[in-house]
Amino acid sequence: MSVPESKYLSPVWRDGLFKDRVVFVTGGAGTICSMQTRALVRLGANACIIGRSEGKTEEAAKDIATARPGSKVIGIGGCDVRKVENLQAAADRCVRELGGIDFVIAGAAGNFVVSLDCMSANAFKAVMDIDVLGTFNTIKATIPHLLRSPTPRSLFISATFHYTGMPMQAHVSAAKAAVDSLMASVALEYGPRGVQSNVIAPGAIAETEGAARLISSEEGAMREYEASIPSGRIRTVRDVADATIYLFSEAGTYVNGQAIAVDGAAWRRQGAA
Ligand code: HXC
């Protein structure tokens, strides 16, 4: 798939910004994280992306590698973030093949739209396990490698639902609140050892299947939603990729322990979306 650069990267960044850096990404074949990874690779990084599906993850890795000739992008499928040993094996392979881990993006997430009435205990647990335990496992498996990097960064992908609560998303809201909290503890425990940790809360993004399912189930709902956003437009994957580049670059070094909503101030206007 040929993706025009303007879809995932602002023209303000310089070539080679992330030369010799390696990024380890869970959920790296998904819409948001694959574009974050593509942007970092385009700017010089090599990458290891992790996913549950083997075919999808390996395809995505090949595709991301086209962003920069000579880049190395590994796709590790069959990896469930709920199993820490899967992540430890993936992190070890990343270090063996790419030389280390400098940046971690914990992006794997579970989501479906369901009312509390219809949500089983196991459905709630499935999302808590993927989002919360999965993020913990990602940090657990990668922190020994991050601590050896000259520029260690961890970034958790969260949401804005839990700022207000969200109907049909009680499981995801609870999980993302825990993800934000986990990030804060990682920043406090590992900040003194040089690791920068933050959350990006993308809110709803037009290109994600998850968001499309959540927002546009009713005719015209997406248009109405867009009109209500203070910044006047729906978010794109590029907005999230650009914020990621800032946080991982030298310019973002002093931003630590923060949850940054990249949502055009949407949640402040109409509640989390
Ligand atoms: C109600 C559901 C359900 C649904 C699953 N379950 N889907 N309940 N409505 N649509 C229930 C099952 O019935 C079961 O409970 C329990 O959840 C576990 O389901 P399994 O399929 O056995 O689990 P598992 O294989 O572990 O899969 C879990 C999953 C996952 C969460 C459904 O496959 C998944 O996340 N798929 C979607 C991935 C996705 O969309 N990711 C994008 C995230 S985007 P019972 O009681 O029957 O045993 C995103 C952006 C959000 O998050 C937007 C931001 C603004």
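Quick note: structure is the one above.
One structure accompanies this document, and this report is about it. These numbers come from a predicted model, not from an experiment. (Residues numbered from 1 in each chain as written. Predicted model: local features only at pLDDT ≥ 70, side-chain atom pairs only at ≥ 80, totals over all residues. Heavy atoms only, no water.)

### Considering the overall build of the protein chain
Argument step 1. Broken down by element type, the protein chain carries 10 helices and 7 strands.
Argument step 2. A compact globule built from 273 residues should have a C-alpha radius of gyration of about 19 Å, and the protein chain, at 17 Å, falls within 12% of that.
Argument step 3. Referenced to the eigenvectors of the C-alpha coordinate spread, the extents of the protein chain come out at roughly 45 × 40 × 40 Å.
Argument step 4. Counting over 273 residues, the protein chain shows a buried share of 52%.
Argument step 5. A fraction of 77% describes how many contacts in the protein chain between residues 6 or more apart in sequence connect residues 24 or more apart.
Argument step 6. A total accessible area of about 12300 Å² is found for the protein chain, and carbon and sulfur atoms account for 53% of it. (Helix = DSSP H or I, 4+ residues; strand = E, 2+ residues; numbered from the N terminus. Rg over C-alpha atoms; globule rule 2.2 N^0.38 Å. Buried < 20%, exposed > 50% of the residue type's maximum accessible area, 1.4 Å probe, protein only. Contact = heavy atoms within 4.5 Å. Areas by Shrake-Rupley, 256 points an atom, 1.4 Å probe, with all protein chains shown as cover.)

### Things to note about the site of the ligand
Argument step 1. In the vicinity of the ligand lie 18 residues, with R82, G110, S120, N122 and G203 positioned nearest.
Argument step 2. At a separation of 3.5 Å, a nitrogen atom of the ligand approaches a polar backbone atom of A109.
Argument step 3. In isolation the ligand offers 1100 Å² of accessible surface; the protein chains occlude 58% of this area.
Argument step 4. Looking at the shell around the ligand, the elements that each hand over two or more residues are α4 (121-146) and α7 (209-215). (Near = heavy atom within 4 Å. Polar contact = N/O pair within 3.5 Å; in protein donor to acceptor, adjacent residues only side chain to side chain.)

### Observations concerning the pairing of strand β2 (residues 46-50)
Successive residues of a regular strand alternate their side chains across the two faces of the sheet.
Argument step 1. When you tally the buried positions in β2, you get 5 out of 5 residues, the bulk of the element.
Argument step 2. With burial as the criterion, each face of β2 is covered, one bearing N46, C48 and I50 and the other bearing A47 and I49.
Argument step 3. Across 5 bridges, the pairing between strand β1 (residues 22-26) and β2 is parallel. Paired with V22 across the two strands is N46, which belongs to β2.
Argument step 4. Assessed by its sense of winding, the connection that carries the chain from β1 through helix α1 (residues 31-42) to β2 is right-handed.
Argument step 5. Once the chain exits β2 it traverses helix α2 (residues 54-65) before rejoining the sheet at strand β3 (residues 73-76), and the crossover so formed is right-handed. (Pairing = 2+ DSSP bridges. Right-handed = clockwise from strand over helix to strand, strands pointing away.)

### Some points on the pattern of salt bridges
Argument step 1. Applying the stated criterion across every chain yields a total of 12 salt bridges.
Argument step 2. Of the charged contacts in the structure, one is a salt bridge between E59 and K62, with a shortest N-O distance of 3.7 Å. Placement of both E59 and K62 in helix α2 is noted, with a separation of 3 residues, approximately one turn of the helix.
Argument step 3. Note on K62: relative accessible area 58%, which makes it exposed.
Argument step 4. For R82, the salt bridge identified is with D80, shortest N-O distance 3.0 Å.
Argument step 5. Look at the salt bridges and you will find they share partners, linking E5, D15 and R42 into a network. (Salt bridge = Lys/Arg side-chain N within 4 Å of Asp/Glu carboxyl O.)

### Points about the packing of α4 against helix α6 (residues 170-190)
Argument step 1. Relative to each other, α4 and α6 sit at 20°, their axes nearing to 8 Å. Taken as axis vectors, α4 and α6 run roughly parallel relative to one another. Crossing hand, α4 versus α6: right-handed. Taking contact as the criterion, the partners of F124, V127, M128, D131, V132, T135, F136, I139 and I143 in α4 are, on α6, A170, H171, V172, A174, A175, K176, A178, V179, L182, V186 and Y190.
Argument step 2. Looking at side-chain class alone, the contact of α4 with α6 contains 16 nonpolar, 2 polar and 2 charged residues. (Axes fitted to C-alpha atoms, helices over the stretch in contact; angles between N-to-C directions. Parallel < 35°, antiparallel > 145°, perpendicular 65-115°, else oblique. Left-handed = near helix turned anticlockwise from the far one by under 90°. Nonpolar A, V, L, I, M, F, W, Y, C, P; charged D, E, K, R; others polar.)

### Some remarks on α1
Argument step 1. Look at α1: 17 Å from first C-alpha to last across 12 residues, which is about the 16 Å you get at 1.5 Å a residue.
Argument step 2. Burial of α1 is extensive: 11 of the 12 residues sit out of reach of the surface.
Argument step 3. For α1, the full list of buried residues reads I32, C33, S34, M35, Q36, T37, R38, A39, L40, V41 and R42. (Expected span 1.5 Å × (residues − 1).)

### Focus: the packing of helix α3 (residues 84-98) against α4
Two numbers describe a pair of packed helices, the interaxial angle and the distance between the axes.
Argument step 1. Where α3 meets α4, the closest approach of the two axes is 9 Å, and the angle between their N-to-C directions is 35°. Crossing geometry of α3 relative to α4 is assigned as right-handed. Across the interface between the two elements, V84, L87, Q88, A91, D92 and V95 from α3 touch G134, N137, T138, K140, A141, T142 and H145 from α4.
Argument step 2. Each residue belonging to the contact of α3 with α4 can be placed in one class, and the counts come to 5 nonpolar, 6 polar and 2 charged.

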